[in-house]
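Here is how the chains run, residue by residue.
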Amino acid sequence: MTSLRGRVITPHADLPDAVIEIAGSRIVRVAPAQPSAEASPPRSDVVFLPGLVDLHCHGGGGSSFSVADERQVRDGAAHHLGQGTTVLMGSTVTDSPPRMLAAIAALADGVDTGSLIGIHIEGPFLSTARCGAQDPAWIRTPDLGLLHELLDAGRGHVRIMTVAPELPGADAVIELLSARGVIAAVGHTEADAATVERVLRRAQPGLVTHLFNGMPAIHHRDPGPVIGALNAAAAGAAHLELIADGVHLADDMVAAVFSLVGGNRVVLVTDAMAAAGLQDGTFQLGPSAVRVRDGVARLAHGDSLAGGTSRLLDIVRRQVHAGLDPVEVVACASSRPAAVIGLQDEVGSLAAGCRADIVEADADLRPLRVMRAGTWVA
């Protein structure tokens, strides 16, 4: 039995002095410390968070998830694991069909070896008008034949696919994804509010890919996808991804979404690419060159943001510093994304019965050590 003591953030409380008891790979007990208990570890100033869960990540530490290279998948996942993300979804970008199929196969290998929890396919059935960093040369209208190929390449590990619901044939894509157990996330879209809300209510669990980014801005006479997504989330029919890194979204906008729909409908993601955790420079995101300056990634040829350079704990720390409730923020980066993919009883919480995925951080929420399945990782 292993016991840890410090400030503990559970899905429902911020305990200033508590003990986590671990047996093997599982948490067996989380409770306030008893000062008189001889078996308790000594009190400490460290903070214990659940291992974080990132549903949207294209790489990190110099490695990309959009190439057919299982080593890069392993190394990119290891980079995020060392920063506190113990459950990671590997995301592709839009590319030529052969390159997408090869990248998805490499991600499937990463799932088989335990580096990843699943695969998120971002594209190619997206709006060319809202492509962002997705290469418009490879965006196409929905094609069920290609969709079958992409899903088959994932060998049952594809969990999420981002689709623009206004495209002709999108309904058939969403139906096929649902039939194969894949979440059809709404994103990179110009759909009107009614279309977005209809799709999110129908395609449960409803998920929106990085709300605000890859979408038109809200207009008071033309409510677009953002309003449809907010309405669906407020009604309990959708979760909203937010890249709350201060680059993709202003902190005040993040706070406004929490206020409008409640933190239980928010999922914090990184959208990280290979440059995450590295210095400025030139990198690759699928077929596109990306230049990072002052920590901001943009297409080398154009001005579009091209993924994130933060890790999920960086985003948690930023939003806590911005004044949001630590319990809410941590849940949005752990238990709530775990629930979206049906793993709420397995990962993402410091609670009895869950896998012992634990981040030990300092008072400023910077990582000191990371435990995954009861073992401290390098």
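Above this text is the structure in question.
**Focus: the overall build of the chain**
Then, number 1: When helices and strands are counted, the chain shows 10 helices and 20 strands.
Then, number 2: For 378 residues, the compact-globule estimate of 2.2 N^0.38 gives 21 Å, and the C-alpha radius of gyration of the chain, at 20 Å, lies within 12% of that figure.
Then, number 3: The principal-axis extent of the C-alpha atoms belonging to the chain is close to 65 × 45 × 40 Å.
Then, number 4: Across the 378 residues in the chain, those meeting the buried criterion constitute 58%.
Then, number 5: In the chain, the proportion of contacts linking residues at least 24 apart, taken out of those at least 6 apart, comes to 68%.
Then, number 6: Entry remark: accessible area of the chain is about 14,100 Å², with carbon and sulfur atoms responsible for 50%.
Then, number 7: Charge centroids of the chain, computed over 29 positive and 41 negative side chains, lie 1 Å from each other.

**Comments concerning the environment of Glu241**
Then, number 1: Looking at the element boundaries, Glu241 is found in strand S13 (residues 238-242).
Then, number 2: For the pair formed by Glu241 and Asp362, sequence separation is 121 residues and the distance between their alpha carbons is 27 Å.
Then, number 3: Sequence-distant contacts of Glu241, defined by excluding residues within four places in its chain, comprise His56, Leu207, Val208, Thr209, His210, Leu211, Val267 and Val269.

**Considerations on the sheet that holds strand S1 (residues 2-9)**
Then, number 1: Taken in spatial order, the 7 strands make up an open sheet running S3-S2-S1-S4-S18-S19-S20, and their pairing is mixed. Whereas interior strands pair on both sides, the edge strands pair on one side only; in this sheet they are strand S3 (26-32) and strand S20 (375-376).
Then, number 2: In the sheet, strand S18 (residues 358-361) pairs with strand S19 (residues 367-372) via 4 bridges, with the strands oriented antiparallel. Within S19, the residue paired with Val359 across the bridge is Val370.

**Things to note about the state of the cysteines**
Then, number 1: By the definition in use, this model includes 0 disulfides.
Then, number 2: With no disulfide partner, Cys57 has as its closest neighbouring cysteine sulfur the one in Cys332, 18 Å distant.
Then, number 3: By relative accessible area, which is 0% here, Cys57 ends up buried.

**Quick look at helix H1 (residues 70-82)**
Then, number 1: The first and last C-alpha atoms of H1 sit 18 Å apart over 13 residues, in line with the 18 Å expected at 1.5 Å per residue.
Then, number 2: Listed in full, the buried residues belonging to H1 are Gln72, Val73, Gly76, Ala77, His79, His80 and Leu81.
Then, number 3: The inward-facing, buried residues of H1 contact strand S6 (59-60), strand S7 (63-64), strand S8 (85-91), helix H2 (97-112) and S19.
Then, number 4: Its side-chain oxygen placed 2.9 Å from the backbone nitrogen of Arg71, Asp69 serves as the N-cap of H1.
Then, number 5: With its phi angle positive at about 105°, Gly84 sits one or two positions after the end of H1.

What counts, and where the lines are drawn
Residues numbered from 1 in each chain as written. Predicted model: local features only at pLDDT ≥ 70, side-chain atom pairs only at ≥ 80, totals over all residues. Heavy atoms only, no water. Helix = DSSP H or I, 4+ residues; strand = E, 2+ residues; numbered from the N terminus. Rg over C-alpha atoms; globule rule 2.2 N^0.38 Å. Buried < 20%, exposed > 50% of the residue type's maximum accessible area, 1.4 Å probe, protein only. Contact = heavy atoms within 4.5 Å. Areas by Shrake-Rupley, 256 points an atom, 1.4 Å probe, with all protein chains shown as cover. Lys, Arg positive; Asp, Glu negative; His and termini not counted. Charge placed at Lys NZ, Arg CZ, Asp CG, Glu CD. Pairing = 2+ DSSP bridges. Disulfide = S-S within 2.5 Å. Expected span 1.5 Å × (residues − 1). Polar contact = N/O pair within 3.5 Å; in protein donor to acceptor, adjacent residues only side chain to side chain.

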